[in-house]
Amino acid sequence: ILFFWASKGLNFRLDAIIFLGKDVYTGIVESSEKVHPITKAVNEIVKMANPNSVILTEVIQKIEVIKKFYGDPSKNDVEAELNYNFHGMNALWEALITNDSANLYDNTSEAYSELANWGGWINFLRNHDGLTMECTSDTTKKKIREILMSRGISFMAGQNVTGRTFSLLGNNKERHVLAYFRLASRPGASAFIYGDEIGKANDYEFMRENTEIKRKLAGDKSLVEDARDINRGFITESEI
């Protein structure tokens, strides 16, 4: 399957890769050392089909753990060429909420220190799930939550908030453009979540409609709404 799609010119995003190779019997449920030879093997198969295809891994861990997914520079063993910069995302929101950008500079220094020469970072403001705040201090996390919870929906037992970027920035066009300008100024590549290019706001109607569809399909009227659905839905021609 990898060989087929790589030969078509595709790149590959390995979602939640840290849970691959877990060993529940020993209590290791994430970031097992077993995941690295698997990631390397995936990359080697992909490169056989297309040397220009790249691997992007999604790893929400400490930066030193994330860097292991690039591979071993001393042996020239390549695992992934790209990683999401979750720490940078949290630092960006800290700067936007507290007007203190010191952590942005610290993140850049840490992210690029001793980085594999083939490695790069994908910078972003949020993803399709929402705004995860696992990579910041408890104090900063509390500050961000206090401001953003009223602009979105609590997610993952209140640890994170979900909502579209435009809504989380108070439906303020200037701040929305500024946030992406700041993102684009960072070293690395910028990822835009669909809808942000036109400043789409939270779609509560889609969440309600999608919940009803899922309830009918499952035959279960008690299914609760998925908060992440306000990030999703359709972009109409008139909105564009």
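Since the structure is predicted, the reported quantities are computational estimates derived from the model, not experimental observations. (Residues numbered from 1 in each chain as written. Predicted model: local features only at pLDDT ≥ 70, side-chain atom pairs only at ≥ 80, totals over all residues. Heavy atoms only, no water.)

Caption draft 1: Main features of unusual backbone geometry. Residue Glu-114 is not a glycine yet carries a positive backbone phi of 55°. In this structure, Glu-114 sits in the loop between helix H5 (102-112) and strand E6 (120-123). Classification of Glu-114 by relative accessible area gives exposed; the value is 78%. (Helix = DSSP H or I, 4+ residues; strand = E, 2+ residues; numbered from the N terminus. Buried < 20%, exposed > 50% of the residue type's maximum accessible area, 1.4 Å probe, protein only.)

Caption draft 2: Expanded view of the packing of aromatic side chains. Inspection of every chain in the model, using the stated rule, returns 7 aromatic pairs. Taking the centre distance of 6.1 Å and the plane angle of 70° together, the rings of Tyr-84 and Phe-86 count as edge-to-face. For Phe-86, a relative accessible area of 1% gives the class buried. Through a chain of ring-to-ring contacts, the aromatic side chains of Tyr-84, Phe-86 and Phe-124 assemble into a single cluster. Over the aromatic face of Tyr-194 sits the side chain of Arg-164, whose NZ or CZ is 5.1 Å from the ring centroid. (Phe/Tyr/Trp six-rings, centres within 6.5 Å; stacked < 30°, edge-to-face > 60°. Lys NZ or Arg CZ within 6 Å of the ring centre and 35° of its normal.)

Caption draft 3: Quick look at the pairing of E6. The two faces of E6 match: Gly-120 and Ile-122 on one face and Trp-121 and Asn-123 on the other face are all buried. Pairing analysis gives 2 bridges linking E6 to strand E9 (residues 189-190), with the strands arranged parallel. Its bridge partner being in E9, Asn-123 is matched across the sheet by Ser-190. (Pairing = 2+ DSSP bridges.)

Keep in mind these numbers describe shape, not what the thing actually does.
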